[in-house]
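# Structure assessment
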Amino acid sequence: MCGNWLTRIARRFGFIDTPTTGRSTMHEERSQKRKKRALLVVDVQNDFISGSLSLSSCPSKHDGSEVVEPINKIVTSPFWDLVAYSKDWHPPNHVSFVTNANLRKPHVDNKTDLGNAAVFDLCIFDVDDTRIDQVLYPAHCVQHSEGAELHKDLKIVPGAVTIHKGMNPDIDSYSAFFDNCRKSETILRQVLQDADITQVYVCGIATDICVNFSAFDSHSLGFETTLIEDCCRGVDADKCIETLNKMKEEGIEVITSDEVLKRAEKLLTEETNQ
Ligand code: VGL
Ligand code: ZN
């Protein structure tokens, strides 16, 4: 175990060659060092734009459809080595639905009347002796429903990966990487690692919820993480500002889609001049 670990570190820092590839050429060394970028498009689904959990009916009153144009502008760029779209993908008995508040046992610390629970109430459930803190929402993004589809005008690039999340009826999943209890994870981390991705750019809906959790998980997993702010809309405008400030404090870069295009252009010029 210890030997394997040392070997991996030594290989990572270039002290030894990997036995499978033998001595690497200059070209291979350059491409090994090259940064690889992924774009993660979070939850650009009908229910958050025009459906049951439309941002326009949330405190922010945002128009979620406004993310489509700036995302379409960047998503087809050769800047990306990988593009992933996440989808909130809930079963009908999901713990986050206000209509299901009565289905589960209240935890001793719960203060909300589960018989009269309302949207945005915080409930505390006891599921198999695990405490589940859950904000309630209208039923949304039910598996295979129209509301769970991505917005019809969003460009889907060939070869992109779809990440489904929130399938466990008892545990919500704001992040495209892990559920809210970090008990299970989606395929996203593995997909990014298999493609040697080092940088993850995040955009989509909602800035203060699923985009927030996905970006922080990406950062905590060691990916250089960037938020594209004009490609995001949120549930609560003040919380969106708080989210962006916290990101900047903790080392998540916040930029615009125009800056992404500038970087893409610069990279293309560098590569053609090599
Ligand atoms: C989301 C609330 C509930 C999101 C998902 O995508 O931000 N928000 N489920
Ligand atoms: Zn959800």
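Preceding this section is the structure that the text describes.
Let me sum up the structure you'll find in this document. Because the structure is predicted, anything quoted here is derived from the model rather than measured.

Turning next to the overall build of the chain. Scanning the chain from N- to C-terminus turns up eight helices and nine strands. By the burial criterion, 37% of the 274 residues in the chain qualify as buried. Here the contacts in the chain between residues at least 6 apart in sequence split such that 71% fall between residues at least 24 apart.

On to the pairing of strand 7 (residues 199-205), then. Among the seven residues in strand 7, six count as buried, and that is most of the element. Sheet analysis places strand 1 (residues 37-42) next to strand 7, joined by six bridges and oriented parallel. Paired with Ala38 across the bridge in strand 7 is Val200. By the bridge criterion, six bridges tie strand 7 to strand 8 (residues 224-233) in an arrangement that is parallel. Considered in strand 8, the bridge of Tyr201 is made with Thr226.

Before going further, it helps to examine the packing of helix 4 (residues 68-75) against helix 8 (residues 257-272). Their axes nearest at 10 Å, the elements helix 4 and helix 8 cross at an angle of 5°. By the criterion of interaxial angle, the relationship of helix 4 to helix 8 is roughly parallel. Here helix 4 contributes Pro70, Lys73 and Ile74 to the contact with helix 8, which in turn contributes Ser257, Val260 and Leu261. Its residues placed into classes, the contact of helix 4 with helix 8 shows four nonpolar, one polar and one charged.

Attention now goes to the sheet that holds strand 4 (residues 122-127). With antiparallel pairing, the three strands of this open sheet are ordered in space as 3-4-5. If you trace the sheet from one side to the other, it starts and ends with strand 3 (105-106) and strand 5 (130-135), each paired once. Of the pairings in the sheet, the one linking strand 3 to strand 4 comprises two bridges and is antiparallel in character. Of the residues in strand 4, the one forming a bridge with Lys105 is Asp126.

Two strands pair when backbone bridges link them, and strand 4 and strand 5 are joined in this way by six bridges, in the antiparallel orientation. Counted as the bridge partner of Ile124 is Asp133 from strand 5. The hairpin formed by strand 4 and strand 5 contains two residues between the paired strands, and Asp128 there has a positive phi angle of roughly 50°.

Cut-offs and rules
Residues numbered from 1 in each chain as written. Chains lettered and ligands numbered in written order. Predicted model: local features only at pLDDT ≥ 70, side-chain atom pairs only at ≥ 80, totals over all residues. Helix = DSSP H or I, 4+ residues; strand = E, 2+ residues; numbered from the N terminus. Buried ≥ 20, exposed ≤ 12 C-beta atoms within 10 Å, placed from the backbone. Contact = placed C-beta atoms within 7 Å. Pairing = 2+ DSSP bridges. Axes fitted to C-alpha atoms, helices over the stretch in contact; angles between N-to-C directions. Parallel < 35°, antiparallel > 145°, perpendicular 65-115°, else oblique. Nonpolar A, V, L, I, M, F, W, Y, C, P; charged D, E, K, R; others polar.

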